[in-house]
Every structure is written in C-alpha cells, then in structure tokens.
Amino acid sequence: MDKLVIQGGAQLNGEIRIAGAKNSALPIMAAALLTRDVVTIGNLPHLFDITTMLELLGCMGIESVVGEKLNVEINSSTIKRFNAPYDLVKTMRASILVLGPMLSHYGEAEVALPGGCAIGSRPVNLHLAALKKMGAKIIVENGYIKANTNGQRLKGAHIFMDIVTVTGTENIMMAATLATGQTIIENAAREPEVVDLALCLRAMGADISGEGSATITINGVERLHGCQYQVMPDRIETGTYLIAAAATRGRIKVKDTRPSILESVLSKLEEAGAQIDIGENWISLDMHGQRPRAVSLTTAPYPAFPTDMQAQFTALNAIADGSGSITETVFENRFMHIHEMNRMGADLKVEGNTVIFRGVPFLKGAPVMATDLRASASLIIAGLVCESETVVDRIYHIDRGYECIEEKLQSLGAKIRRLPS
Ligand code: EPZ
C-alpha cells in the first residue's frame, strides 16, 4: 500500500485550485439513471470514487464517455443489468445512490447492502423505509437489497426522515422525480450537495422546490431529459487546505471555491485567530505566523459545523494554544484519528462522543495509519506540524477523496512525498 512521508515544520504559503465536490458528483452521476438521454457532467474531481461510480454504471451496461478534462457523458439507455455488486459497493458506500433512480425509472434494482465502515454502522434503513412508503416492494436477503415496483410507477408520499440523512434525502429526491403525484420530504438534509443535485435534476426537467431547506417538495413528471451540468466546488477539500495552512501558521488563497457554503468552518477559523478574506469564488487565510488558538466545536448537519471537517479541526486543536472540547453528533465512531494523534504526542482524551483536548506546541513525527478518508487528511495535517518525519500508511483512503493531495501540498511548500507500495 502506498504511504505518504511528511517532513513537518514548513509554513504553508501559496495558492491552490479546488476540484469539484465528490459528494455532489456521486449523486449527480447516479441521477443519469433517471433518463435515457445523455447527461454530461463537468468539473468532476480525479478521484477513485468517481472511477468506482463509472465502473458501477459500466457493470450495469451503461456506457460513459470520459472527456479530456474528465467531463463525463453518461447514457443509461444501454442499461442491461439492474444489479450493483458487492465487490464494488463494499469499496464505496455511496453506491447506494443508484437504488432510488434505478428503481424509479426501470422498476427494479438489486443493490448490495453497504456494510459499515470505520466511522460507524451507517445503516440505510431510512432509504428503504421511504421507498417502501412510495410503493416499492423491498426484501433484504443474502446481503442484497432486492427492490421492484411490480411494473407500476412509484407513488408520491409524505416522508418524514427520523434522522437527517444526506444520501437518504438524495435517494428519495431522485426516486420522487418520476413517481406519480407529490412527494414531500420532511427533515430533509440541507447540505449544499443536496442542493446541487436538485439543481441538476431541475435541469433534467424535474419539478422540485425547497432544496436547501428541511422540507423538499417533488411533483413527479412523466420523464426526464438529458442535461449538461457543472458540479459545485468541494467545500470539504476547501476547508481541509485552509486548516492545513492555519495549523502551520501560514497563509493560503483557495480558488475556484464557494465561500458561502463554508460559513461555520470560516467562523471557527476566525475564532482560532485566522484572518479570513473572501471573494466571489476564493477564500484567503493568513495566520500572520501566529499559533492558532484552541476552539471548541460540535458537529451537526448543515449549516452547523460539518462532521467531515471534525478530524481536520482536531489536528488544528491538537497544536493550538489552550484547551477545549470537540463533540461528534453525526457518527458514532469518528475518533479513530485521535489515538494516532496521541501517538504523535497530542493530548486528546475521548469521553463518549466528545474529545477533551489540551493543545501542545508541536507534535512528534511517528508512523501512523489512516482509517478513513477524513482521518487520513487529519493525520497529514498533524504530520505537517511535526518537527520530525511522519509516515502515513493506508493512504488509499485519501486517494478516494482528495485530488493530487501531495502535489497540492508540495506547491504550498510542504515537504511531502508518496512512497509507492
Ligand atoms: C454523506 O454520507 C456523505 N457521503 C458523508 O461524507 C458525510 O459524512 C455524511 O453524509 C454526513 O454529512 C456522501 O455524500 C457520499 P448520512 P451518508 O446518511 O449520507 C444515520 C466523506 O468523508 N443514518 O447523512 O451516508 C447514519 O448512521 C463521507 O466524504 C441512519 O441511521 O451519511 C449517520 O449516523 C463520509 N439510517 C447519520 O444518519 C439511514 O438510513 C447521518 O448519515 C441513513 C443514515
């Protein structure tokens, strides 16, 4: 397995461009299943997960044409199989996103039940309950979700999500676009990636309103047509690089991004002592060489502080001036990075779903192991502030969600290199 070797101590300084959002690209690629026309998607990031989604569509018989800038044309009219196999689903839980559109458009779907992962059990019970309420016949056997509509269209329904679920909201929103009648999703996820998907579905002819609020209303239509859509910038990649620059007391300008969807993160970075300036599609951060101040935070669904930024901000707090607490309310096991950071000399104590931290002036390099996508990023940030060498193992996690991470960090002055397995 590839490793990343980091020689810490350099202050990051420079400019980088942000790629398209992984968590917006994946549902939008799945939405191509809702039409027999070509859907052209631009600004896709160069990530393993994008390749996996194309592979998943490919194994159903759906051809995709990949352009030179990773503009992808997806045409689902050649679909032959309605099956998402376990060997692909196990590598990417977001494969569950093909369930709603495939069932709604083609009347049948067989999708491997996604297993848990490092951060939690991550059930999909709310996805299935909502589809059943819309008239789908669903059984789960031998590790597969087997769904069909018995030749009928799904029926619009009034769905109340017990828990705010991003892909659950996205699956039901997609399924509802071709259902008969009206679907109302209450307690819907308000994440910007849900809004991006809704905008793409509307461009395909869907009748959707309320995206970005807790109540989304979809009136089913007869059919959807193709469209061309540019995926929004990745707010988590943006936040990750801002935090990396802040942790090293440096300065950075992040371009091709969207400041308005990162307000909770920007406000916490200002609390940590960063000078933040924003433009229409850029954010600059400057620590003026100062050590960050400790900042307590609690993760929650958008617009609160995102769970996908918790591990990265923990790395910042590990070397901050002061102490505080970090509470994770979305996933039940998203502290795997804590134990690795303590091996680097951090002072982090886990108490239930809260970490009590006391910032130390610097960390000490160590061999550490990545366990999930965002934990990997947090260990790289921790390595950037060590006085000695850190080796991060199992970085296949990082390649799923961060485009060219070592090149981008090298361009900012970081001493980081990849050790091929
Ligand atoms: C999406 O995952 C993101 N992935 C995650 O990003 C992100 O961390 C998460 O939303 C929360 O923001 C994609 O968009 C592809 P959830 P998702 O359903 O939809 C519980 C990353 O690093 N739940 O919003 O799978 C669940 O267990 C990834 O890019 C149920 O109980 O997350 C969790 O506790 C990691 N039953 C909570 O809801 C269900 O049917 C939120 O999960 C569904 C969810």
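First things first, this report covers the structure right here in the doc. (Residues numbered from 1 in each chain as written. Predicted model: local features only at pLDDT ≥ 70, side-chain atom pairs only at ≥ 80, totals over all residues. Heavy atoms only, no water.)

1. Regarding the overall build of the protein chain
Put simply, the rule reads: Starting at the N terminus, helices and strands are each numbered in turn, a helix being any DSSP run of H or I of at least four residues and a strand any DSSP run of E of at least two. The globule rule used for comparison is 2.2 Å times the number of residues to the exponent 0.38, while the radius of gyration itself is calculated over C-alpha atoms. A 1.4 Å probe rolled over the protein chains alone gives each residue an accessible area, and that area as a share of the maximum for its type sets the label: buried under 20%, exposed over 50%, partly exposed in between. Two residues qualify as a contact provided that any one of their heavy atoms is within 4.5 Å of a heavy atom in the partner residue. Accessible surface is estimated by sampling points in the Shrake-Rupley manner with a 1.4 Å probe; for residues, cover comes only from the protein chains shown. Counted charges follow a simple rule, with Lys and Arg positive, Asp and Glu negative, and His plus the chain ends left uncounted. Charge positions are represented by NZ for Lys, CZ for Arg, CG for Asp and CD for Glu.
Within the protein chain, the regular secondary structure consists of 14 helices and 24 strands. The C-alpha radius of gyration of the protein chain comes to 21 Å, within 12% of the 22 Å expected for a compact globule of 421 residues. Along the longest, intermediate and shortest principal axes, the C-alpha atoms of the protein chain span 65 × 45 × 45 Å. Among the 421 residues that make up the protein chain, the fraction classed as buried is 58%. Within the protein chain, contacts between residues at least 6 apart in sequence are counted, and of these 73% link residues at least 24 apart. Put simply, the protein chain shows about 15,900 Å² of open surface, and 50% of that area lies on carbon and sulfur atoms. A gap of 2 Å separates the mean positions of the 40 positive and 45 negative side-chain charges of the protein chain.

2. Observations regarding the site of the ligand
As a reminder, the rule being used: Proximity criterion: a residue is near a molecule or strand once any of its heavy atoms comes within 4 Å of it. By the criterion applied in these results, polar contacts are pairs of N or O atoms within 3.5 Å in which, for protein atoms, one can donate a hydrogen and the other can accept it, and in which residues neighboring in sequence qualify only through two side-chain atoms.
Near the ligand there are 21 residues, and of these Asn125, Thr165, Thr167, Asp308 and Val330 occur at the shortest range. In this structure, Val330 approaches the ligand through a main-chain N or O atom, which is 2.6 Å from an oxygen atom. For the ligand, whose free accessible area comes to 830 Å², the fraction covered by protein is 89%. Counting residues per element, the ones that place at least two in the shell around the ligand are helix 1 (22-31), helix 5 (125-133), helix 6 (166-176) and helix 12 (373-384). Considering every element that reaches the shell around the ligand, the biggest residue donor is helix 5, with three residues.

3. Some words on the packing of helix 10 (residues 310-318) against helix 12
Test applied: Every axis corresponds to a line fitted to the C-alpha atoms, with the helix fit spanning only the stretch in contact, and the corresponding angles, defined between N-to-C directions, vary from 0 to 180 degrees. Each angle receives one of four descriptions, namely roughly parallel if under 35 degrees, roughly antiparallel if over 145, roughly perpendicular if within 65 to 115, and oblique otherwise. In this scheme the crossing of two helices becomes right-handed for a clockwise turn of the near helix relative to the far one and left-handed for an anticlockwise turn of less than a right angle. Each residue is assigned to one class: nonpolar for Ala, Val, Leu, Ile, Met, Phe, Trp, Tyr, Cys and Pro, charged for Asp, Glu, Lys and Arg, and polar for all the others, Gly among them.
Packing of helix 10 against helix 12 brings their axes to within 7 Å, and their N-to-C directions diverge by 20°. The orientation of helix 10 relative to helix 12 falls into the category roughly parallel. Crossing handedness for the pair helix 10 and helix 12: right-handed. Here Ala311, Gln312 and Ala315 of helix 10 come into contact with helix 12, specifically with Arg374, Ala375, Ala377, Ser378, Ile381 and Ala382. Residues belonging to the contact of helix 10 with helix 12 are distributed by class as follows: six nonpolar, two polar and one charged.

4. Notes on the layout of surface pockets
Our working rule: With a 1 Å grid laid over protein atoms only, a set of points is called a cavity when a 1.4 Å probe fits there but cannot get out and a pocket when it is open yet has protein on both sides within 12 Å along at least five of seven lines; lining residues have an atom within 4 Å of a point. Grid points are joined across faces, edges and corners, and a volume is the space filled by probe spheres set on the points.
Estimated volume of the second largest pocket: approximately 200 Å³. Residue lining of the second largest pocket: 13 residues in total, with Gly9, Ala247, Thr248, Arg249 and Val385 positioned closest to the centre. Classifying every residue of the lining of the second largest pocket gives eight nonpolar, three polar and two charged.

5. A short note on the side chain of Asp372
So the rule is basically this: Salt bridges, as used here, are contacts in which a Lys or Arg side-chain nitrogen is within 4 Å of a carboxyl oxygen on Asp or Glu.
Within the secondary structure, Asp372 is located in the loop between strand 22 (367-369) and helix 12. Buried within the structure, Asp372 lacks any salt-bridge partner; Arg334 is the closest side chain of opposite charge, at an N-O distance of 4.2 Å. Engagement of the side chain of Asp372 in a polar contact is seen with the side chain of Thr371, the distance being 3.4 Å. Setting aside residues no more than four positions away along its own chain, Asp372 makes contact with Ala118, Ile119, Arg334 and His397.

6. Notes on the nonpolar core
Just so we agree on the cut-off: To form a nonpolar core, buried Ala, Val, Leu, Ile, Met, Phe, Trp, Tyr and Cys residues must be joined to one another through side-chain atoms within 4.5 Å.
If you look at the biggest cluster of nonpolar residues, it comprises 81 residues, and the most contacted ones within it are Val98, Leu131, Met134, Met173 and Leu201. In terms of residue count, helix 1 provides more of this core than any other element does, six residues in total. The residues contacting Leu131, other than those within four sequence positions of it, are Leu99, Leu103, Ala136, Ile138, Leu154, Ile172 and Ala175. Listed in part, the 66 residues of the second largest apolar core include Ile236, Ile252, Ala382 and Tyr402.

7. Some remarks on the environment of Ser323
Looking at the secondary structure, you find Ser323 in strand 19 (residues 323-327). The exposure class of Ser323 is exposed, given its relative accessible area of 51%. Discounting chain neighbours no more than four positions away, the residues touching Ser323 are Ala294, Phe357 and Arg358.

8. Details of the side chain of Glu328
On the secondary structure map, Glu328 appears in the loop between strand 19 and helix 11 (336-342). As a buried residue without a salt bridge, Glu328 has its nearest oppositely charged side chain in Arg334, at a separation of 5.2 Å. A polar contact of 2.9 Å, which involves the side chain of Glu328, links it to the backbone nitrogen of Val330. For Glu328, the side chain forms a polar contact with the main-chain nitrogen of Phe331, separated by 3.2 Å. Among residues more than four places away in sequence, those in contact with Glu328 are Thr299, Thr307, Gln310, Arg334, Phe335 and Asn353.

9. Re the sheet that holds strand 12 (residues 207-209)
How we decide: When DSSP finds at least two bridges between two strands, those strands are taken to pair.
Strand order in the open sheet formed by four strands is 10-11-13-12, with mixed pairing between adjacent strands. The open sheet terminates on both sides in strands that have one partner only, identified here as strand 10 (158-160) and strand 12. The sheet shows a mean angle of 15° between the axes of neighbouring strands, direction not considered. Strand direction decides the pairing type here: strand 12 and strand 13 (residues 215-219), joined by three bridges, are antiparallel. Bridge pairing links Ile208 to Ile218 in strand 13. Strands strand 10, strand 11 (182-186), strand 12 and strand 13 of the sheet are contacted by helix 6, whose axis makes an angle of about 170° with strand 11.

10. Concerning helix 2 (residues 48-59)
The periodicity of an α-helix, 3.6 residues per turn, causes residues three or four positions apart to be oriented the same way. Convention followed: A helix is expected to span 1.5 Å multiplied by its residue count minus one.
End to end, helix 2 covers 16 Å across 12 residues, agreeing with the expected 16 Å (1.5 Å per residue, within 8%). Three or more residues of helix 2 are buried, namely Asp49, Ile50, Thr52, Met53, Leu54, Leu56 and Leu57. Check the buried side of helix 2 and you find it contacts helix 1, strand 4 (63-66), strand 5 (72-75), strand 6 (83-84), helix 3 (86-89) and helix 13 (396-401). Positive backbone phi, at 95°, marks Gly61, one or two positions downstream of helix 2.

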